[in-house]
Amino acid sequence: IHFHYLGDMAVDAGSIPELDQKKYDADEQVKIICLGDSAVGKSKLMERFLMDEYRPQQLSTYALTLYKHAATVGDKTIAVDFWDTAGQERFQNMHPSYYHKAHACIMVFDVQRKLTYKNLVNWYKELREYRPEIPCCVVANKIDADMKVTQRSFNFGKKQGLPFYFVSAADGTNVVKMFRDMIKRAVEYKQNPSDFMDEVMQELESLSLPGKYSNCRFR
Ligand SMILES: Nc1nc2c(ncn2[C@@H]2O[C@H](COP(=O)(O)OP(=O)(O)OP(=O)(O)O)[C@@H](O)[C@H]2O)c(=O)[nH]1
């Protein structure tokens, strides 16, 4: 496990993954998990958001990386734990502790690789097995590499009623907005979980991808 302590958080190599809310004087603490196939850009998105930097080398995430971040929502300080796992572990058993007590989920695919889009449904099903009610969004990454994609190309997010973001970790497009929205939703969920049930019922009613991928346009 790699720990990255960012934002206003003090480095404390001895602490456990659960962030000690009182110690950091935060009003609230949330856990946000990131899902998606290998190399879709999960780690680069975190780095872009948390450090505003992008290093193009590809270093696959080893098992689990935990990023700690202090965010402000309204007049509250929020301690955010971002959990980033290696996508290549998808078809091995993902440890349930990854999902445990998560308050929101960011699902990422790569607009240049259609398989990563198709696999969203697997990620989504697994997420809903463990966390049926938490807020979730779909993130189409690497739009700097293909500016022609439109939301119509990707029915999954639309049909599920999930918020959908086109982003680029490379040039920063939409990255801050997406993360800020999800932090806010995680806090809202934590404070009032029952508000999210209607949304989830709508999602569950349409839990399928377009059968033959026919509505998707890739180069
Ligand atoms: N063009 C472009 N390339 C990107 C972007 N984001 C990530 N990449 C590249 O995609 C590759 C994989 O990025 P990572 O962030 O390591 O992907 P990951 O999803 O964390 O991969 P795993 O750790 O294996 O699960 C790297 O070579 C990045 O440079 C982007 O927005 N645009």
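What you are looking at is a predicted structure, and each value in this text was computed from that prediction instead of being measured.

(A) The arrangement of the packing of helix 1 (residues 42–51) against helix 5 (residues 175–191) in detail. Closest axis-to-axis distance for the helix 1/helix 5 pair is 9 Å, and the angle between their directions is 90 degrees. Regarding the angle of helix 1 to helix 5, the classification is roughly perpendicular. From helix 1, Leu 45, Met 46, Arg 48 and Phe 49 reach across to helix 5, where they touch Val 175, Val 176, Phe 179, Arg 180 and Ile 183. Taken together, the residues that form the contact of helix 1 with helix 5 break down as 7 nonpolar, no polar and 2 charged.

(B) Representation of unusual backbone geometry within the structure. The backbone of Lys 101 sits at a positive phi, close to 60 degrees, despite the residue not being glycine. Residue Lys 101 is classed as partly exposed on the basis of its relative accessible area of 49%. Residues other than glycine seldom take positive phi values, yet Asn 174 does so here, at roughly 65 degrees. In this structure, Asn 174 sits in the loop between strand 7 (164–166) and helix 5. Residue class for Asn 174 comes out partly exposed when judged on its relative accessible area of 31%.

(C) Up close: the environment of Leu 162. One can find Leu 162 in the loop between helix 4 (155–160) and strand 7. Overall, the relative accessible area of 5% leaves Leu 162 in the buried class. In this structure the C-alpha to C-alpha distance between Leu 162 and Cys 136, which are 26 residues apart in sequence, comes to 6.6 Å.

(D) Structural view of the nonpolar core. Residues Phe 82, Ile 106 and Met 107 are the most contacted members of the largest nonpolar core, which totals 59 residues. With 8 residues, helix 5 is the largest single contributor of residues to this core. Once residues within four sequence positions are removed from consideration, Phe 82 is found in contact with Ile 32, Met 46, Phe 49, Leu 50, Thr 65, Leu 66, Tyr 67, His 69, Phe 179 and Ile 183.

(E) Expanded view of the packing of aromatic side chains. A full pass over the atoms with the stated rule returns 14 aromatic pairs. When the centroid spacing of 5.9 Å and the interplanar angle of 90 degrees are considered together, the rings of Tyr 98 and Tyr 99 count as edge-to-face. The same class applies to Tyr 98 and to Tyr 99, which are both buried. Through successive ring pairs, a cluster of aromatic residues spans Phe 109, Tyr 117, Phe 154, Phe 164 and Phe 166.

(F) Quick look at the confidence of the model for the chain. Considering every residue of the chain, the mean pLDDT works out to 77; 70% of them sit at 70 or more. Every residue in residues 208–219 scores below 50 in pLDDT, and together they form 30 contacts with partners more than four places removed in sequence or on other chains. Two summary scores accompany this predicted model of the complex, namely pTM at 0.82 and ipTM at 0.98.

Analysis parameters
Residues numbered from 1 in each chain as written. Predicted model: local features only at pLDDT ≥ 70, side-chain atom pairs only at ≥ 80, totals over all residues. Heavy atoms only, no water. Axes fitted to C-alpha atoms, helices over the stretch in contact; angles between N-to-C directions. Helix = DSSP H or I, 4+ residues; strand = E, 2+ residues; numbered from the N terminus. Parallel < 35°, antiparallel > 145°, perpendicular 65-115°, else oblique. Contact = heavy atoms within 4.5 Å. Nonpolar A, V, L, I, M, F, W, Y, C, P; charged D, E, K, R; others polar. Buried < 20%, exposed > 50% of the residue type's maximum accessible area, 1.4 Å probe, protein only. Core = buried A, V, L, I, M, F, W, Y, C linked by side-chain atoms within 4.5 Å. Phe/Tyr/Trp six-rings, centres within 6.5 Å; stacked < 30°, edge-to-face > 60°. pLDDT = per-residue confidence, 0-100.

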